[in-house]
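# What the coordinates show
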Amino acid sequence: MDENYMKLALELAKNGMGKVNPNPMVGAIIVKNGKVIGEGYHEAFGKAHAEVNAFNSLIEDAAGATIYVTLEPCSHYGKTPPCVDKIIENKISRVIVGAFDPNPVVSGKGVKKLRDVGIEVITGVLEDECTKINEVFMKYIVSKKPFVILKSAMSLDGKIATSKGESKWITGEKSRVEVHKLRNEVSAIMVGVNTIINDNPQLTCRLENGRNPIRIVVDSTLRIPIESKVISDIDEAKTIIATTDKGSSDKILELTNTGVTVLIIKSKNGRVDLQELMIKLGNLNIDSILLEGGGILNFSALDQGIVDKIQIYISPKIIGGEKSKTPVGGNGIEILKDAFKIQGLTSRSVGEDILIEGYIKKG
């Protein structure tokens, strides 16, 4: 029964997707005598936590009830008061927790405070599911670096464009909708300057009432055309350009005057040092990045160890061609033992395409 109520709390938590960054998605269900008497989720960054919203929705007194929370209740003052205090005030008798909060300010302290006042606390109910929905938060709150998802779409024979450079559209409409859903969820989307020069994309979310991510362009020498859509439509979404000291000061001034943010990053092998870029983006509260780069940027991202997760959409098409580009280019690896290893692979159909997801094996 505990798992069934936790599943309900998880579904509630997902309602905060794309709205709570860099906070976690959290759901809470209050149950008394086998009946749900309150429920809530964290609706937006800076607003009330899930537990508070659940108590605010009560249809009867919560004394003696059980509360199911997908993430450990907070025990410290932040933008809102501690949730454990609210639980104690309402005389809850049992607290069922999905996952511990990795935040050093919270981790274990909320559970301890509840137990210290005699409240029964059970932890680890649907822990894997509760952790997975907050995989972005789980990394960011500890490292202060964004969770990076490398996404690519390719043909069955591993091509992302024809030999003439045509790439629209390799995958089907349903796959493209899925990608826009992900754009709505992450803080930022990142591409290399070649993508801007060749395709001139907007990099926005096309969903109705969708939220546009921050657009990040990696451009070591500031080759980006000033008339690019990511610059000319700056009112649609914020744009950040990451460059090195090779970028001219005049171009930096020109870009800055349009409202673009320019970050000067140290170079690594003549290109933007992506590890340093992640630190700077993390300091800007960017907790997640969808990497939609070309082959060169994708290889650099893998090689520098910034990628956490991959999403590869495979279309039932064969393109062929020795000069047709592949999702990962650059120098590539020289010996197989150095290949980037993927773990936790899953696959599912998306319309006519197949989506393969997995996580980069670290260390």
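Only a predicted model underlies this, so the values are computations on that prediction, with no experimental measurement involved.

Once that is clear, we can look at the nonpolar core. Ranked by size, the top nonpolar core spans 41 residues in total, and within it M6, I30, I67, I87, I92 and V95 carry the most contacts. For this core, the elements supplying multiple residues, two or more each, are helix 1 (2–13), strand 1 (27–32), helix 2 (50–56), strand 3 (66–71), helix 3 (83–89), strand 4 (94–99), helix 4 (109–116) and helix 6 (135–143). Tallying contributions element by element places helix 1 first for this core, with six residues. Apart from the residues within four sequence positions on either side, I92 is in contact with I30, F55, A62, A65, T66, I67, I87 and I119.

What follows is about the UniProt feature "binding site: substrate" (unreviewed entry) in the protein. As annotated in UniProt, the feature "binding site: substrate" (unreviewed entry) corresponds to S167, R183, L203, R206 and E292 in the numbering used here. The residue L203 is located in the loop between helix 8 (193–199) and strand 8 (214–218) in this model. Ignoring sequence-local partners within four residues, the contact set of L203 consists of R183, I189, V191, I196, P213, R215 and V230. Structurally, R206 is set in the loop between helix 8 and strand 8.

Okay, the domain arrangement of the protein next. Each domain of the protein was delimited in the assignment, giving domain 1 (1–137) and domain 2 (144–360). Here the C-alpha centroids of domain 1 and domain 2 sit 35 Å apart. In this assembly, seven residues from domain 1 lie in contact with 10 residues from domain 2. Of the roughly 790 Å² buried between domain 1 and domain 2 on both sides combined, carbon and sulfur atoms contribute 48%. Considering only the side of domain 1, the residues that lose the most area to domain 2 are G18, E135 and V136, jointly responsible for 53% of the buried surface there. The interface formed by domain 1 and domain 2 includes one salt bridge. Close ionic contact of K309 with E135 constitutes a salt bridge, the shortest N to O distance being 2.9 Å. Across the side of domain 1 that touches domain 2, the residue classes break down as three nonpolar, two polar and two charged.

What follows concerns the environment of G351. Topologically, G351 is positioned in the loop between strand 15 (342–350) and strand 16 (353–360). Taking the relative accessible area as the measure of exposure, G351 reaches 47% and is therefore partly exposed. Note: C-alpha distance between G351 and G172 (179 residues apart in sequence) is 7.0 Å.

Our next topic: the layout of surface pockets. Approximately 750 Å³ is the volume attributed to the second largest pocket. The leading source of residues in the lining of the second largest pocket is helix 7 (residues 173–185), at five residues. Across the lining of the second largest pocket, the residue classes tally to 14 nonpolar, seven polar and 11 charged. Residue assignment places the lining of the second largest pocket across two domains, with domain 1 (1–137) and domain 2 (144–360) each supplying three or more.

Moving on, we get to the sheet that holds strand 13 (residues 288–291). Strand order in the open sheet made by the nine strands is 10-9-8-7-13-6-14-16-15, with mixed pairing throughout. This sheet does not close on itself; its edge strands, each paired only once, are strand 10 (261–264) and strand 15. Going across the sheet, the axis of each strand differs from the next one's by a mean of 20°, ignoring polarity. In the sheet, strand 14 (residues 309–315) pairs with strand 16 via six bridges, with the strands oriented antiparallel. In the strand pairing of strand 16, I310 is matched with G358. The sheet contacts of helix 12 (residues 295–303) involve strand 6 (147–155), strand 7 (188–192), strand 8, strand 13 and strand 16, and relative to strand 13 the element is tilted by about 135°.

Rules of the game
Residues numbered from 1 in each chain as written. Predicted model: local features only at pLDDT ≥ 70, side-chain atom pairs only at ≥ 80, totals over all residues. Heavy atoms only, no water. Core = buried A, V, L, I, M, F, W, Y, C linked by side-chain atoms within 4.5 Å. Buried < 20%, exposed > 50% of the residue type's maximum accessible area, 1.4 Å probe, protein only. Helix = DSSP H or I, 4+ residues; strand = E, 2+ residues; numbered from the N terminus. Contact = heavy atoms within 4.5 Å. UniProt positions renumbered as here; feature names shortened; annotations may be inferred. Domains from an automatic or database assignment. Buried area = accessible area lost by both parts, 1.4 Å probe. Salt bridge = Lys/Arg side-chain N within 4 Å of Asp/Glu carboxyl O. Nonpolar A, V, L, I, M, F, W, Y, C, P; charged D, E, K, R; others polar. 1 Å grid on protein atoms, 1.4 Å probe; cavity = no way out; pocket = protein on both sides within 12 Å on 5 of 7 lines; lining within 4 Å. Points joined across faces, edges and corners; volume = space filled by probe spheres on them. Pairing = 2+ DSSP bridges. Axes fitted to C-alpha atoms, helices over the stretch in contact; angles between N-to-C directions.

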